[in-house]
Amino acid sequence: MGAVTLTGVRKLFGTMEVIKGIDLAIADRELVVFVGPSGCGKSTLLRMIAGLEDVDYGAIEIAGRDVTELAPALRGVAMVFQNYALYPHMTAYDNMAYGLRRAGLAGAEVDKRVRATAAMLQITELLPRRPKAMSGGQRQRVAIGRAIVRNPEVFMFDEPLSNLDAALRVEMRSQIARLHRELQATMIFVTHDQVEAMTLADRIVVLNGGRIEQVGTPREVYHRPANIFVAGFIGSPAMNLLPANLHRGAALELGWGTRVTWTAAVPALPDNAPVTLGVRPERVSLCDAARAQASGEVTLAEHLGDETILHLKVSDGVSLTVKAGGDVAALVGDRLHVAFDLAGACLFGPDGRRIAPD
Amino acid sequence: MAAGTQIAVSGASPSPRRRRRAGRGEARAGVLFALPWMIGLATFTIIPLILTFYIAQTKFQIVGPPKYIGLENYEAMWTDAAFWRSAQNTLFFAAVSVPLKLALALGLALLLNRATALSGLYRTVFYLPFLMPAVAGSVVFMLLLTPGAGPVNIILEAFGFNPPDWLRDPDSALWAIIMLSIWPLGVETLVFLGGLQNIPRDVSEAAELDSPEPWHKLWWITLPLITPMILFNLVIGIIYSFQIFAQAIVIGGTTGTPAEATLMYMVVIYRAAFRYFNVGYAAALATVLFFVVLLLALLIFRTARSWVYYEGESR
């Protein structure tokens, strides 16, 4: 059982509080991804779970044991680092065998486990090599092997794919997903890459300023962001966040004067309450002037082949991002008209929290 | 198109002759840049070394020209009791002081490597003794170790010990010199500290995740990664230990009192050259020292291939 429970976990660097009271329960065999902007505390939180950073307040339990004061090696965790952290003076074999040997396992058992893990990761031919003689992807596979061979309760990955090129990142991502299925182990993965988070996670933990903004499945955080921060952070390009006023809970007056009908239920708010309409770029479509709910000048056109990302300036201070088809040939300076599909839209109240849909 | 390709090819890679000429020009510039140092090396190291080898085969007493006597100076060493006693003392001194100094410097570096608010201050404090002249340091040690009035013996006596007369007792005098030579270990500590700070933090943390025992990390990860610094300190330490002079002559004089217990090899060389004006014999002693230290250094470098890890190598 590799469940992880964090209760009121806080961390201070000097007088600065970087982790501000985290309560989180990670189920056994779950793959949870911590995401958030730089400096949000995601790596610090992971390191606290691993025991590499002290916990100033609160408690951490792994597999039902309070590990808050335990040394990292006694917590039953293994970690894969961003820079691989392989021992440079040892061969891949010795890197993988090191922890087992120090734990006092017999040579035959060490050899059996190292070779079995190497075979699983298809790195047997790398075993006699030192890290210097390996590519980045090979080193990362050895680092993952070093973690697997110890058979830990919890695997931790601290931005392990950041140093790899795009193609290798995709390959390693699918390999980690496959390992999660095969090993049936609890995994905590830290990344700033949303694609990694969305594709790997059973649940995503969105962090900001040392606090959890939302915990949910990739679909939940994408389609039902808890607040404006999550809405703006998750998704690339980011969700359009448009200022509006809500009239009698049924009509939205957008910042540039256009009125649209709002059909989803909303909690009681004063009439003309300031709200924010959140619309994903793929829910904004180009249309003719007659049906337009907004019009704007193209300030940037990104032609990506299968799709085109258009950035429109609708009015002073209000911009829109539109995800259109790859055949759209709009150029910077063109004036375009768009309409919103509000079926998948979100409404955020004056305090920035989502008020609709429920 | 074909012509264009030809032009491009000839423009991209110069002819072998032109490349050779350019290479010669670069080599000439390189030699010119290095020339001042090459002249300095020749004038102050190589020529005096060759002269020493020559003078070692002469009878030379400063006044008058050297007279060639072949290997007589080397033969005289076999029957010189001071040579054997000083060689024995110096070997013992090197064998004890070098490992002890390296171990202490490493321990100190490990402590200094822990980030604390006063790390910078500690580093400076531990380096300061190195800046003190050896003679001054020796005099301070003599005062510290004076029986009756020196604080070391006063403290030991207060705790019920019966301390020796450190500098007059043949059993403890050499140990006093060993202590004195170990005291300024700032340079060795800084070299180790540089190595420790060069170990990536995540490698160190990976070791903490692999084993809860701090000594496992020290023995299997930290020490192998600072072996270039260990090698450097070891070789320099051996060279300096065989050249111990100032501390020995301040404490033991030219006779190595008490009872030649502190008679060091360099003191015997000094005595032969400047007391007995037997420069030829002193040069022979120096030549032997040179080859002994060279042999030791070569032996260490030979074995270093199997125990020193360099970051750049991929074997």
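Residues numbered from 1 in each chain as written. Chains lettered and ligands numbered in written order. Predicted model: local features only at pLDDT ≥ 70, side-chain atom pairs only at ≥ 80, totals over all residues. Heavy atoms only, no water.

### Let's talk about the packing of helix α12 (residues 227-242) of chain B against helix α15 (residues 279-307) of chain B
All names here are of chain B. Axis separation between α12 and α15 bottoms out at 10 Å; the angle between their running directions is 170 degrees. The angle between α12 and α15 places the two elements in the roughly antiparallel class. Viewed along their axes, α12 and α15 form a crossing whose handedness is right-handed. Along its contact with α12, which presents Thr-227, Ile-230, Leu-231, Leu-234, Val-235, Ile-238, Ile-239 and Phe-242, the element α15 presents Leu-289, Val-292, Val-293, Leu-296, Ala-297, Ile-300, Phe-301, Ala-304 and Trp-307. Taken together, the residues of the contact of α12 with α15 sort by class into 16 nonpolar, one polar and no charged. (Axes fitted to C-alpha atoms, helices over the stretch in contact; angles between N-to-C directions. Helix = DSSP H or I, 4+ residues; strand = E, 2+ residues; numbered from the N terminus. Parallel < 35°, antiparallel > 145°, perpendicular 65-115°, else oblique. Left-handed = near helix turned anticlockwise from the far one by under 90°. Contact = heavy atoms within 4.5 Å. Nonpolar A, V, L, I, M, F, W, Y, C, P; charged D, E, K, R; others polar.)

### Regarding empty space enclosed by the protein
For the structure on display, the rule yields one cavity of 30 Å³ or more. Here the largest cavity defines a volume of roughly 70 Å³. As for the largest cavity, its lining consists of Ala78(A), Met79(A), Phe81(A), Tyr87(A), Arg146(A), Ala147(A), Arg150(A), Ala206(B), Leu209(B) and Asp210(B). Elements that contribute at least two residues to the lining of the largest cavity include exactly β6 (77-80) and α4 (136-149) of chain A together with α10 (201-210) of chain B. For the lining of the largest cavity, the leading source of residues is α10(B), giving three residues. A breakdown of the residues in the lining of the largest cavity according to their chemical character gives seven nonpolar, no polar and three charged. (1 Å grid on protein atoms, 1.4 Å probe; cavity = no way out; pocket = protein on both sides within 12 Å on 5 of 7 lines; lining within 4 Å. Points joined across faces, edges and corners; volume = space filled by probe spheres on them.)

### Considering the domain arrangement of chain A
All names here are of chain A. As assigned here, chain A comprises domain 1 (4-229) and domain 2 (237-356). With eight residues of domain 1 at the contact, the number on the domain 2 side is ten residues. With both sides pooled, the region where domain 1 packs onto domain 2 buries about 760 Å², and carbon together with sulfur makes up 54% of that total. Area buried by domain 1 at its contact with domain 2 is led by Tyr-222, Pro-225 and Ile-228, which between them contribute 66% of it. Taken together, the links from domain 1 to domain 2 amount to zero salt bridges. At the boundary of domain 1 with domain 2, the tally comes to six residue pairs in polar contact (both at pLDDT 80 or more). Looking at which element gives the most residues to the side of domain 1 that touches domain 2, the answer is helix α7 (residues 218-223), with three residues. Here the residues of the side of domain 1 that touches domain 2 sort into five nonpolar, two polar and one charged. (Domains from an automatic or database assignment. Buried area = accessible area lost by both parts, 1.4 Å probe. Salt bridge = Lys/Arg side-chain N within 4 Å of Asp/Glu carboxyl O. Polar contact = N/O pair within 3.5 Å; in protein donor to acceptor, adjacent residues only side chain to side chain.)

### Notes on the pairing of strand β19 (residues 335-340) of chain A
Residue and element names in this part refer to chain A. Direction of pairing for strand β15 (residues 284-287) relative to β19: antiparallel, over a ladder of four bridges. Paired with Ser-285 across the two strands is Ala-339, which belongs to β19. Here strand β16 (residues 294-303) runs beside β19; their pairing, made up of four bridges, is antiparallel. Bridged to Ala-294 within β19 is Val-338. (Pairing = 2+ DSSP bridges.)

### Details of the pattern of salt bridges
Residue and element names in this part refer to chain A. Following the criterion strictly, the structure yields 19 salt bridges over all chains and no others. Of the charged contacts, one joins Arg-203 and Glu-30 as a salt bridge, the two residues approaching to 2.4 Å between their closest N and O atoms. Taken as a pair, Arg-203 in strand β9 (residues 203-208) and Glu-30 in the loop between β2 (16-26) and β3 (31-35) lie far apart in primary sequence, 173 residues in all. With a relative accessible area of 22%, Arg-203 lands in the partly exposed category. (Buried < 20%, exposed > 50% of the residue type's maximum accessible area, 1.4 Å probe, protein only.)

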